[in-house]
Amino acid sequence: MGKRTSLVVNVSIAVVLLGLSVVVFTTDLSGIYMAVSGPHYNGNRNNQNVSIMINVYDNAHTQHIKQMMDILEDRDVDATWFVSGNWVKRNMALAKDMSERFELGNLGLTHRNMRNLSEANQRIEIQGTHDLVMGVAGVEMNLFAPPNGNFNRTTLRVAESLGYTTIMWSKDTIDWRDKDANIVFNRATQNIMNGDLVLMHPCAHSLAALPLIIDYYLSRGFDVVRVSENIL
């Protein structure tokens, strides 16, 4: 074999090996990419359950929380309260009381847009709130709701690495914007389906609508359960 032929053969082998390494490397990355679990937008559609998820981060609405908890307990139904770390710091006694009566979920430390944060800062948002709640209430949370529904693949990966399942919703009452109990009721009940996750906040008009919403669910045979039970 001449030197020229030998050179061509060697170059060809190098190209093939390089191609194989690219394929293997790409496949490995794809496996990692696909391994991250997506968020839950609803629970199990086979079970006649519905969940009320209440996001708590604004101290201005704190005054309505005890009444909302009492309404839920008076009707013997459950809910999941997603709390921000900053809110917990300002309301430790109430957060502990809430944890003893209902399921708590993680809303991040400062209620910031997770998509705008680095991986390190996303980790701080989730872990910081986890540690606060653990210190105040002794509760190991495992449900994370991205503030305002803003997340990316990094958010999912970080949440999963910290032992969290990411939760979104299938019905949004938009009660933070539309301050009308009738609108909140209609959005929470219209075309209600098995496994629905219904997002609310502890606003005055949501407090007024809450007993009517619960009664509507119960009258149609739905069990009102915590999110962790709904997504099984």
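Draft legend 1. Molecular detail of helix α7 (residues 181-189). Of all the residues in α7, the buried ones are V184, A188 and T189. Buried positions in α7, seen along its axis, are confined to an arc of 110° and lie on one side of it. For α7, the elements touching its buried residues are β6 (171-172), β7 (196-200) and α8 (204-219). If you check the start of α7, you find a side-chain oxygen 2.8 Å away from the backbone N of N182, and it comes from D180.

Draft legend 2. Broad picture of the nonpolar core. Membership of the largest hydrophobic core comes to 44 residues, with the highest contact counts inside it found for I52, L72, W81, W87 and Y217. It is α8 that provides the largest number of residues to this core, a total of six residues. Residues contacting Y217, with those up to four places away along its chain left out, are V50, I52, A188, T189, I192, V198, F222 and V224. Listed in part, the 15 residues of the second largest apolar core include L143, F151, I167 and V227.

Draft legend 3. Structural context of the packing of helix α5 (residues 119-137) against helix α6 (residues 153-161). The N-to-C vectors of α5 and α6 enclose an angle of 50°; their axes lie 10 Å apart at closest approach. By the angle between their axes, α5 is oblique relative to α6. By crossing handedness, the relation of α5 to α6 is classed as right-handed. Together, E119, Q122, R123 and I126 of α5 and T154, T155, R157, V158, A159 and S161 of α6 make up the contact between the two elements. Of the residues belonging to the contact of α5 with α6, the class tally is three nonpolar, four polar and three charged.

Draft legend 4. Focus on the packing of helix α2 (residues 65-74) against α8. With their axes 10 Å apart at the nearest point, α2 and α8 run at an angle of 10° to one another. The pairing of α2 with α8 is recorded here as roughly parallel in orientation. For the pair α2 and α8, contact is made by Q67, M68, I71 and L72 and by S206, L207, L210, P211 and I214, respectively.

Draft legend 5. Geometry of the packing of aromatic side chains. In this structure the tally under the stated criterion is two aromatic pairs. Taken together, a centroid distance of 5.8 Å and an interplanar angle of 90° make the contact between F185 and Y216 edge-to-face. Of this pair, F185 sits in helix α7 while Y216 sits in helix α8; the two residues are 31 residues apart in sequence, bridging distant segments of the chain. Exposure remark for F185: the relative accessible area of 21% places this residue in the partly exposed category. It is R220 that lies over the ring of Y216; its NZ or CZ is 3.8 Å from the centre.

Draft legend 6. Looking closely at unusual backbone geometry. The phi dihedral of D76 falls on the positive side, at around 55°, and the residue is not glycine. Along the chain, D76 turns up in the loop between α2 and β2 (80-83). Notably, I174 is not glycine yet its phi reads approximately 50°, a positive angle.

Draft legend 7. Structural detail: the pattern of salt bridges. Tallying each qualifying case throughout the model produces ten salt bridges. Between R45 and D196 there is a salt bridge, and its shortest N-O distance comes to 2.9 Å. With R45 in the loop between α1 (3-35) and β1 (49-56) and D196 in strand β7, this pair connects stretches of sequence that are 151 residues apart. The salt bridge involving R101 is made with E73; its shortest N-O contact spans 2.8 Å. With R101 in helix α4 (residues 92-101) and E73 in helix α2, the pair connects residues that are 28 residues apart, well separated along the chain.

Draft legend 8. Representation of α8 in the model. With 16 residues, α8 extends 24 Å from end C-alpha to end C-alpha; this agrees with the ideal 22 Å at 1.5 Å per step. The sharpest bend along α8 measures roughly 35° and falls at L210, with the proline P211 sitting one to four residues further on. Buried residues in α8 make contact with β1, α2, α7, β7 and β8 (223-224). Looking one or two residues beyond α8, the residue adopting positive phi is G221, at roughly 85°.

Draft legend 9. Representation of the pairing of β1. Counting buried positions along β1 gives eight out of eight residues, so the element sits mostly inside the fold. Alternating positions in β1 separate into two faces, N49, S51, M53 and N55 on one and V50, I52, I54 and V56 on the other, with burial throughout. Sheet topology places β1 next to β8; two bridges connect them, and they run parallel. Bridge pairing in β8 links V50 to V224. In the sheet, β1 pairs with β7 via five bridges, with the strands oriented parallel. Bridged to I54 within β7 is M200. Sheet analysis places β1 next to β2, joined by four bridges and oriented parallel. What sits directly across from M53, in β2, is T80. Taking the sense of rotation as the criterion, the β-α-β connection linking β1, α2 and β2 turns out right-handed.

Definitions and cut-offs
- Numbering of residues starts from 1 in every chain and runs along the sequence as written.
- In view of the model being predicted, local features appear only for residues whose pLDDT reaches at least 70, and side-chain atom pairs are presented and counted only at 80 or more, with totals across whole chains, interfaces and linings using the full set of residues.
- Computation of side-chain values: all heavy atoms of the structure, hydrogens and water removed.
- In this scheme, a residue with accessible area under 20% of its type's maximum is buried, one over 50% is exposed, and one in between is partly exposed, where area comes from a 1.4 Å probe on protein chains only.
- Strands here are runs of E lasting at least two residues and helices are runs of H or I lasting at least four, both read from the DSSP assignment and numbered beginning at the N terminus.
- Here the arc refers to the set of directions running from the helix axis out to each C-beta atom.
- Pairs of residues are marked as contacts when any of their non-hydrogen atoms sit within 4.5 Å.
- The definition of a polar contact used here is a pair of N or O atoms within 3.5 Å, where within protein one atom must be able to donate a hydrogen and the other to accept one, and adjacent residues in sequence count solely through side-chain atom pairs.
- For the purposes of this section, nonpolar cores are sets of buried Ala, Val, Leu, Ile, Met, Phe, Trp, Tyr and Cys residues that join through side-chain atoms within 4.5 Å.
- To obtain an axis, a line is fitted to C-alpha atoms, over the contacting stretch when the element is a helix, and the angle between two such axes runs from 0 to 180 degrees between their N-to-C directions.
- For classification purposes, angles smaller than 35 degrees are called roughly parallel, those larger than 145 roughly antiparallel, those between 65 and 115 roughly perpendicular, and all remaining angles oblique.
- Each crossing gets its handedness from the near helix: less than a right angle anticlockwise from the far helix is left-handed, clockwise is right-handed.
- As a working rule, the residues Ala, Val, Leu, Ile, Met, Phe, Trp, Tyr, Cys and Pro are called nonpolar, Asp, Glu, Lys and Arg charged, and the rest polar, with Gly in that last group.
- Between 30 and 60 degrees the pair is tilted, below 30 it is stacked and above 60 it is edge-to-face, where a pair is any two Phe, Tyr or Trp rings, Trp via its six-membered ring, whose centres lie within 6.5 Å.
- Sitting over a ring, as applied to charges here, requires NZ of Lys or CZ of Arg to be within 6 Å of the ring centre and within 35 degrees of the ring normal.
- A side-chain nitrogen of Lys or Arg and a carboxyl oxygen of Asp or Glu constitute a salt bridge if their distance falls within 4 Å.
- The length a helix should cover is 1.5 Å for every residue beyond the first.
- What the bend at a residue measures is the angle between two axes, fitted to the seven residues ending there and to the seven starting there.
- Note on pairing: DSSP must find at least two bridges between two strands before they are called paired.
- When the strands point away from the viewer and the connection leading from the first strand across the helix to the second strand turns clockwise, the crossover is called right-handed.

Coordinates in, geometry out; function isn't part of it.
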